[in-house]
Amino acid sequence: MLGRWWRRQSPARQDRFATLAPLVSVLLFLAAIISAFWYLRNEEIERESEAVKRDTEIAQQQIRLRLIENQEQLVRMAREIVTRELETPNFLAQATRFTSDRPEIIQISWLGADRRIRARQSSFGERDEWAMPPKAGASIIAPPDEANWAFIAARDVRQPMYSRPYKDATGAMVFQLHVPLLDRGSFSGALVVEYSIDVLLRHFVPAEVTRRHAVAVIDEHERVIASSVTAMPGHTRQPASIAHDVPFAPTANGLVLRGTGYRTSVGLIGNTLFWMVVALSVLTVWMLLGTWRHMRRRSQIQGALVKETNFRRAMENSMLTGMRAMDLEGRVTYVNPAFCAMTGFTESELIARLPPYPYWPHDRIEENTRLLQQELQGRSPAGGIEVKVMRKNGTLFDARMYVSPLVDPRGQQTGWMTSMTNITEAKRIRDQLSASHERFTTVLEGLDAAVSVLSVQQSELLFANRSYRLWFGAEARGHALLASGAGPAVPYVAEPDDAVDSLSGLPTQELAGMGTNPREVYAHTLDKWFDVRSRYLQWTDGRLAQMLIATDITARRRAEEQAAAQAEKAQVSSRLITMGEMASSVAHELNQPLTAITNYCNGMISRVKAETIKQPDLIAALEKTARQAERAGQIIHRIRAFVKKSEPQRQPAHAKDIVEDAVELASIELRRRNVAIHHYVAQRLPVLRCDPILVEQVLLNLLKNAAEAIDNAKLPAARRHIELRVVPRHTPDEGGVIEFSVTDMGPGLPEEVINRLYEAFFSTKAEGMGIGLSLCRSIVESHRGRIKAQNIYNGASVVGCRFAFTLPVETTARHEETTLPPAPRVAAPDADGSPAAKTTSS
């Protein structure tokens, strides 16, 4: 079954398995060696652990037996002391014998209940204190707190007690055994024995144990108190690999007996063999890996070669370009499917064919033979050759062929490779484009406007139609003249290297997408006005270019100038007509101060002749006469300034000054018709940039029309008044404007009249010329303002009419009026005593 599975695998996978099998076997062998070594090492550690445990327990048992034996001897000695069988001299002699064969005992003391020493026997001689004087160089003497604790514990529990370890005067670690002296149940003292821990360890741990393992006594803080192995000076004790702890019985004072084991056998021979096997295995693995990498690289190269071959075959089969290969004799050696599809012949019908080929047209065999010889000689043009090709069904199509040599790996030419492209459709489209370009050029040449295209970078004139050449010639100076200010300028700085595109950083797409920017340009050399429209575009070669279309508008400009002159004449005529209509009112207005002057003069003459006038009275009469003359002069001055013919000029003006002048002139007519006017001018209005005389003419026309409407309607006195308001406004379309509104309480206007109100020569007056409101609209719109009229309703009844026009404000400056509004003014009474119309400012 394994053999069948192996045969079903692909050769590449079999090669991969054959390469990986030795590697896997070596890795398995190495894993077995490592596992065996690991097993033997663990077994050795377990044996060593058992030996350490056993030896530690033997040492513990030996020390325990020694201490228990000493404790029993001391208990008998304490009983003899209590029963008075043992006095002080006898105690010292017995203590000497007791310590002579027990080197672990440093001293034995007999203490009373008050802790006073009754007797003491020491291996160093008798002493009266707890510890001997310290030797030179010994460490600090430990305080006898541990001994005191053991004494109190033995007294309280009535049992022998071991103290905690401490350092004596010599610096050696010791502990004490306190055996209580109980006389008829009462505590009468204690028998104290001091043990040397180091001596206990050296004398009572068997020598065979210390030869195999290290045995040490550890306190509760993991400090080594005594050890069978002496540490070398400056040598740090290495942590034990195997250790076993048992209590330091029967002391129960926190001491632990620790046995430490190390590997006694290094296994040099075994380890050498192991590492030799490991080295050989690693070498084998390295060689196998090198072989595997080589096989893998070879497999990758083979796969890449197959992939590249399949890719090239798929590309040749999917491309629309026909490929044909032939040897040096002209014999066809290869054709791709596209070539067969183009000609209609199969591959078998073309392979190994010599000229003439079956796809050559019968009437072009000589021409194609000449081209083939040229091709075989390597003299084919780089741009290819255009030929006619015949399909198998006899139809013809246009094709372009490109020839390149075929070279083998040794660098020798073996033949020629030809690519053939069907250009029938491309040729048809090219012919259509040529015809379309010719038609488009014909249209541009026939235009009356000048069309030119200029390269922004090289300042080269790329195109110019007939009109441009007629007016400016074939030079780019005419384009520069028309482009001055006709669109956004693009600076050009010449680069030292012409191959560098200095305009590559410009946003070409944004410039080409900008709309046209019309501008009127005057050409002095031609004495013509042109309407110039420009835009940027990308030329056929990708360069940024500017196109201009200049239309001759000289006739239109002259017509506009004539119309402007006629409008100016109409404005002057309208002012003269207005003054003519107000002639009787002006005469009446001038008659008042003149009559007053005559009366003052006659009176002064009479009184001077009669010598009845005094000097102060004469001076007062002369002053009144001068004021009346000044009043008449002001009226004449205002009328003269209003009707004076002057050029229209825009200048900063204040709405308040314009309103005051207009109201002053209109008051003459309003007083004659007995109509009152109320005007309001908002404070802190911005500055207007306008022609104040023209705006005053619009206000005077509107005020005069309102007064005529009220007077002709014979309205009562309650409705015979006009309101003039000047306030700031803000509209979404115009922005900040100043609105002038004239509101009357007259009969209003019919809807059909409102619709035709601004038509020229349309009037509702019997003697009207119909140019007043039309001229007003022209003046307002020339100032970029708007004018409108609307009736005022009270329910369904018309109770008045309102005319309003707006003027844009001057944004560069603002006029702030800080004065209070003027007090109400009342016109002077007429000479005949009739009341005059009232003028109120609020």
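Residues numbered from 1 in each chain as written. Predicted model: local features only at pLDDT ≥ 70, side-chain atom pairs only at ≥ 80, totals over all residues. Heavy atoms only, no water.

Topic: the sheet that holds strand S12 (residues 332-335)
Hydrogen bonding along the main chain pairs the strands of a sheet, whether they run parallel or antiparallel. Spatially, five strands are ordered S12-S11-S15-S14-S13 in an open sheet, and the strand pairing comes out antiparallel. Edge positions in the sheet fall to S12 and strand S13 (385-390), since each of these pairs with one other strand and no more. Ignoring which end each strand starts from, the neighbouring axes of this sheet average 35° apart. Bridge count for strand S14 (residues 396-407) against strand S15 (residues 413-422) is nine bridges, and the pairing is antiparallel. Residue pairing across strands places Val403 opposite Thr418, the latter belonging to S15. (Pairing = 2+ DSSP bridges. Helix = DSSP H or I, 4+ residues; strand = E, 2+ residues; numbered from the N terminus. Axes fitted to C-alpha atoms, helices over the stretch in contact; angles between N-to-C directions.)

Brief notes about helix H21 (residues 772-782)
When we look at burial in H21, the residues that qualify are Gly772, Leu773, Ser774, Leu775, Cys776, Ile779 and Val780. Just downstream of H21, Arg784 is the residue with a positive phi angle, here 60°. (Buried < 20%, exposed > 50% of the residue type's maximum accessible area, 1.4 Å probe, protein only.)

Some thoughts on the packing of helix H19 (residues 692-712) against H21
Running from N to C, H19 and H21 point in directions that differ by 145°, and their axes come no closer than 10 Å. Crossing handedness for the pair H19 and H21: left-handed. Taking contact as the criterion, the partners of Leu694, Gln697, Val698, Asn701, Leu702 and Asn705 in H19 are, on H21, Gly772, Leu773, Leu775, Cys776, Ile779 and Val780. Looking at the contact of H19 with H21 residue by residue, the class counts come to eight nonpolar, four polar and no charged. (Left-handed = near helix turned anticlockwise from the far one by under 90°. Contact = heavy atoms within 4.5 Å. Nonpolar A, V, L, I, M, F, W, Y, C, P; charged D, E, K, R; others polar.)

Notes on the packing of aromatic side chains
Inspection of every chain in the model, using the stated rule, returns 13 aromatic pairs. Ring geometry for Tyr357 and Trp360: centres 5.1 Å apart, planes at 80°, overall edge-to-face. By relative accessible area, Trp360 is classed as buried at 8%. Summarising the aromatic geometry, the rings of Tyr468 and Phe472 are spaced 5.2 Å apart at their centres and angled 40° between planes, so their arrangement reads as tilted. (Phe/Tyr/Trp six-rings, centres within 6.5 Å; stacked < 30°, edge-to-face > 60°.)

Structural notes on helix H4 (residues 145-157)
In an α-helix there are 3.6 residues to a turn, and that puts residues three or four apart on one side. For H4, with 13 residues, the first-to-last C-alpha span of 18 Å sits near the 18 Å given by 1.5 Å per residue. Taken residue by residue, H4 has Ala147, Ala150, Phe151, Ala153 and Ala154 as its buried positions. Mapping the buried residues of H4 onto a view down its axis gives an arc of 165°, with all of them on the same face. More than 90 degrees from the buried face of H4, the exposed residues found are Asp145 and Asp156. Residues of H4 that are buried sit in contact with strand S1 (105-112), strand S3 (161-162), strand S4 (166-167), strand S5 (173-183) and strand S6 (186-196). (Expected span 1.5 Å × (residues − 1). Arc of directions from axis to C-beta.)

Focus on the sheet that holds strand S20 (residues 544-552)
Strand order across the open sheet formed by five strands is S17-S16-S20-S19-S18, with antiparallel pairing between neighbours. Edge positions in the open sheet fall to strand S17 (461-464) and strand S18 (519-523), since each of these has one partner strand only. Pairwise comparison of adjacent strand axes, ignoring direction, gives a mean angle of 30° for this sheet. Inspection of the sheet shows S18 paired to strand S19 (residues 528-538) by five bridges, in the antiparallel sense. Bridge pairing in S19 places Tyr522 opposite Trp529.

A closer look at the confidence of the model for the chain
Per-residue confidence for the chain gives a mean pLDDT of 78, with 77% of residues at or over 70. Predicted confidence in the chain is weakest over strand S29 (residues 838-841), with a mean pLDDT of 32, and strongest over strand S22 (residues 676-681), with 92. Considering only residues more than four positions removed or in separate chains, one finds that residues 126-143, a stretch of pLDDT under 50, has 35 contacts. Counting interchain partners and residues more than four positions distant, the pLDDT-below-50 stretch residues 813-842 has 59 contacts. (pLDDT = per-residue confidence, 0-100.)

A look at the environment of Leu724
By the secondary structure assignment, Leu724 is in strand S24 (residues 721-731). Take Leu724: its relative accessible area is 0%, and that puts it in the buried class. A C-alpha to C-alpha distance of 9.8 Å links Leu724 and Phe803, two positions 79 residues apart in sequence. Beyond its immediate stretch of four places on either side in the chain, Leu724 contacts Val659, Val663, His678, His679, Tyr680, Leu699, Ser741 and Val742.

Some remarks on the nonpolar core
Judged by nonpolar contacts, the single largest core of 49 residues is most densely connected at Val659, Leu699, Ile722, Val726, Phe740, Phe803 and Phe805. Residues contacting Phe805, with those up to four places away along its chain left out, are Val695, Val698, Leu699, Leu702, Ile738, Glu739, Phe740, Val780, Arg786 and Ile787. Membership of the second largest hydrophobic core comes to 39 residues, among which are Leu67, Leu86, Leu200 and Leu201. (Core = buried A, V, L, I, M, F, W, Y, C linked by side-chain atoms within 4.5 Å.)

Comments concerning the side chain of Glu194
Among the secondary structure elements, Glu194 is positioned in strand S6. Judged by relative accessible area, which is 3%, Glu194 ranks as buried. Here the side chain of Glu194 touches Tyr166 through a polar contact of 3.1 Å, side chain to side chain. (Polar contact = N/O pair within 3.5 Å; in protein donor to acceptor, adjacent residues only side chain to side chain.)

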